[in-house]
Amino acid sequence: RQKFGKPGRTMSISVNYNYSNNFIDGYNESVTNYYDASGVQSGVDVIDQNYNKRERSNVIAGRISYTEPLGKNFFVEGAYRYTFRKTDSDKETYDKNGSGEYNVMDYQYTSYIENTFITQQAELNFMKQEDKYNITLGVNLQPSKTKSYRETFDDAGKSIIQDTTYTTLNLAPSARIDYRFTDDKFIRLRYRGRVSQPSINQMMPVEDNSDPLYRVEGNPSLRPSFSHNLNLDYRANNRKTMSWFNTGLNASYTTNKIVSKKYYTPEGVQVSTYENTDKPVFNVNARVMVNTPIAKSKYFWISSFTNVRFNNNIAYVRDDSNDFVENITKNVSVSENLRFTFRNNWIELIAGARVSYNNAWYTVSTMDKVATWTNAVTGSANITIPGGLNVTTNINHTFYKGYDEDYNKPSTVWNAEISKQLFKNSATLKFKVYDILKDAKNTYRTTTDNYVQDVTNNTLGQYFMLTFTWRFGNFGGGKGGPMGGRGPMGGRGPMMRR
């Protein structure tokens, strides 16, 4: 970055380079049994292969910008960015010969792919900077070129070449407004258009039989998608009462969205490909966060975090007549996290509750028991005892509603730890017990364009941990525990004042 004689006149240049080179050697073994409608086995497919894969990537990007003052606190910026990305993916697959050696090439799953992607971006931005506000309005032109080369083989080993090249040109506006009402109140509004190119796997994927019941087919006719992104953020705090408030909104509106097309073969294999949809896809997410003392108290606090999300997605599935139909999925989720805190110089007590609601609607079919509730009651205590002793415990009781019968079981997780500071607070000895009741689990629901899935994950389970920490110095002159004033469970210690 270089400043010139006139205030506000600057030029900056940046260059980035990334290189990766990966070698993969693996084995693929599977046995798939097929059955007819009456349950009689109709066939079997055995895969026993060795494959060697090499993936290389080179990316170089550069940007140059120039800023010129046009008047008092008024500037114009011109910028140019160039990105060159080249990716190679070579895969050779071998079957066994009569003596059991992997030296018979399987041409169906052998391929050589090379992809070159060049993007350019020319920007023009006008900026106004004042004490109370900053405004930036701009526009950028984004030409791009994609060249994909793929070599595959037929059953006899004859080479088949696919060479695809296409170019695009997009115009993307941008805007940013920052306004400070006072030192304690601030609002920011951002808008930006963005172009997203289809990946090489979406256009020409490598044949992959690692999952015999799932196959991906590329679409070389895919076009880039364009998204409008809007972000709004408002913050306010009161230094006298030590309270704060934050609310925000994130929204996106995408045209030419790349969506999936899925169907099943008569053998039960799921096939997935991609297509640009001519209908818009949009997402909205809003949040509100509040933290404030209760009735101007120095010891009692209340905090709330509310989040609302709405998604509108599109996919294509086959109906009973074997034709592709549009399936619109609308998903809404609402969550609330409420906490009450009592804090003084030696103890911190927290009681709270969490509520999460999720529901989805489909245009192709109606699904039962889609709405779910995940609720929790929580509590924690952090006690500092004179002499450098600290005791911390927390408990979470989670209960579910709307999941399948085997997934609605509640769970209670209780953790505790005790720590002692030694050698003039330079060292800490800590003993922790996790999941005292042996009841931890993790249940959630996944909602996609063609199925709803309830999942319960195994957790680490109960364990005990003894740690010794030695601190050789104070970073930044801070005081408190070894983690810079944070409590042993990762939360804020009772000695920290907000």
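Residues numbered from 1 in each chain as written. Predicted model: local features only at pLDDT ≥ 70, side-chain atom pairs only at ≥ 80, totals over all residues. Heavy atoms only, no water.

A. Quick peek at the overall build of the protein chain. What the protein chain contains, in helices and strands, is one helix and 25 strands. The globule rule puts the C-alpha radius of gyration for 498 residues at 23 Å, and the 29 Å found for the protein chain is more than 25% above it. In terms of overall dimensions, the protein chain has a C-alpha envelope of 80 × 70 × 50 Å along the principal axes. For the protein chain, the proportion of its 498 residues judged to be buried stands at 33%. As displayed, the protein chain has an accessible area near 29500 Å², and 55% of this comes from carbon and sulfur atoms. Each charge sign in the protein chain was given a centre, from 61 positive and 48 negative side chains, and these centres are 18 Å apart. (Helix = DSSP H or I, 4+ residues; strand = E, 2+ residues; numbered from the N terminus. Rg over C-alpha atoms; globule rule 2.2 N^0.38 Å. Buried < 20%, exposed > 50% of the residue type's maximum accessible area, 1.4 Å probe, protein only. Areas by Shrake-Rupley, 256 points an atom, 1.4 Å probe, with all protein chains shown as cover. Lys, Arg positive; Asp, Glu negative; His and termini not counted. Charge placed at Lys NZ, Arg CZ, Asp CG, Glu CD.)

B. Layout of the pattern of salt bridges. Within this structure, the stated rule accounts for 19 salt bridges. Note that arginine 239 and aspartate 184 form a salt bridge whose closest N and O atoms lie 3.1 Å from each other. Here the residue arginine 239 occupies a position in the loop between strand E11 (225-238) and strand E12 (243-255), and aspartate 184 occupies one in the loop between strand E8 (159-182) and strand E9 (185-196), the gap between them amounting to 55 residues. Classification of aspartate 184 as partly exposed rests on a relative accessible area of 23%. Bridged by salt links that share partners, the residues Arg56, Asp88 and Asp90 form one connected network. (Salt bridge = Lys/Arg side-chain N within 4 Å of Asp/Glu carboxyl O.)

C. Seen up close, the packing of aromatic side chains. Per the stated rule, a full pass over the model turns up 15 aromatic pairs. Ring centres of tyrosine 263 and phenylalanine 324 lie 6.0 Å apart, and the angle between their planes is 80°; this geometry places the pair in the edge-to-face category. Residue tyrosine 263 is found in strand E13 (residues 258-264), and its partner phenylalanine 324 is found in strand E17 (residues 324-343); the two are separated by 61 residues along the sequence. Among the residues examined, phenylalanine 324 registers a relative accessible area of 32% and is labelled partly exposed. Look at phenylalanine 423 and tryptophan 470: their rings are 5.5 Å apart centre to centre, the planes differ by 45°, and that puts the pair in the tilted class. (Phe/Tyr/Trp six-rings, centres within 6.5 Å; stacked < 30°, edge-to-face > 60°.)

D. Quick look at unusual backbone geometry. Positive phi values are uncommon outside glycine, yet methionine 242 reaches one of about 60°. Looking at the secondary structure, you find methionine 242 in the loop between E11 and E12. For asparagine 425, which is not glycine, the phi torsion reads 65° and is therefore positive. Secondary-structure assignment places asparagine 425 in the loop between strand E21 (411-422) and strand E22 (427-434).

E. Structural context of the pairing of strand E5 (residues 102-105). Note that strand E4 (residues 74-96) and E5 share three bridges and pair antiparallel. Among the inter-strand pairings, tyrosine 94 is bridged to a residue of E5, identified as methionine 105. Connecting E4 to the antiparallel partner E5 that follows it, the hairpin turn spans five residues, and glycine 100 within it adopts a positive phi of roughly 90°. (Pairing = 2+ DSSP bridges.)

F. Structural context of the nonpolar core. In this structure, Tyr166, Met203, Met204, Leu222, Ile258 and Tyr274 together form the largest nonpolar core, which totals six residues. Not counting chain neighbours up to four residues away, the residues in contact with tyrosine 166 comprise Ser144, Lys145, Thr146, Gln197, Pro198 and Met203. With five residues, the next largest nonpolar core counts Val259, Val281, Ile314 and Ile328 among its residues. (Core = buried A, V, L, I, M, F, W, Y, C linked by side-chain atoms within 4.5 Å. Contact = heavy atoms within 4.5 Å.)

G. Up close: a nonpolar patch on the surface. Among the surface-exposed residues, Ile385, Val391, Ile418, Phe423, Leu429, Phe431, Phe464, Leu466, Phe468, Trp470 and Phe472 lie close enough to one another that they form a single nonpolar patch of about 1100 Å² accessible area. By relative accessible area, which is 48% here, phenylalanine 468 ends up partly exposed. (Patch = residues over 30% accessible without salt bridge, like charges linked within 9 Å, V, L, I, M, F, W, Y side chains within 5 Å.)

H. Molecular detail of the environment of tyrosine 274. Relative to the elements of secondary structure, tyrosine 274 occurs in strand E14 (residues 270-276). Measuring from C-alpha to C-alpha, the distance between tyrosine 274 and leucine 222 comes to 7.7 Å, with 52 residues separating the pair along the chain. Other than its neighbours up to four places away in sequence, tyrosine 274 contacts Gln202, Val216, Glu217, Asn219, Leu222, Ile258, Val259 and Ser260.

I. Examining the pairing of E22 more closely. Bridge count for E21 against E22 is seven bridges, and the pairing is antiparallel. Note on E22: the bridge partner recorded for glutamine 421 is threonine 428. Where E21 folds back onto E22 in an antiparallel hairpin, the turn is made up of four residues, including phenylalanine 423, whose phi is positive at roughly 50°.

J. Representation of the environment of asparagine 415 in the model. Among the secondary structure elements, asparagine 415 is positioned in strand E21. Each C-alpha atom of the pair asparagine 415 and phenylalanine 472 lies 29 Å from the other, and the pair is 57 residues apart in sequence.

K. The arrangement of the environment of valine 104 in detail. Mapped onto the secondary structure, valine 104 falls in strand E5. Measuring from C-alpha to C-alpha, the distance between valine 104 and glutamine 49 comes to 9.5 Å, with 55 residues separating the pair along the chain. In contact with valine 104, other than residues within four places in its own chain, are Thr93, Tyr94, Asp95, Lys96 and Asn97.

L. Just the side chain of threonine 265, in detail. Relative to the helices and strands, threonine 265 resides in the loop between E13 and E14. Setting aside chain neighbours within four positions, we find threonine 265 in contact with Arg215 and Val271.

M. Just the confidence of the model for the protein chain, in detail. Residues with a pLDDT of 70 or more make up 92% of the protein chain, whose mean pLDDT is 86. Ranking the elements of the protein chain by mean pLDDT puts strand E23 (residues 442-447) last, at 71, and strand E15 (residues 281-293) first, at 95. Every residue in residues 477-498 is under pLDDT 50, and counting partners more than four places away or in other chains gives 52 contacts. (pLDDT = per-residue confidence, 0-100.)

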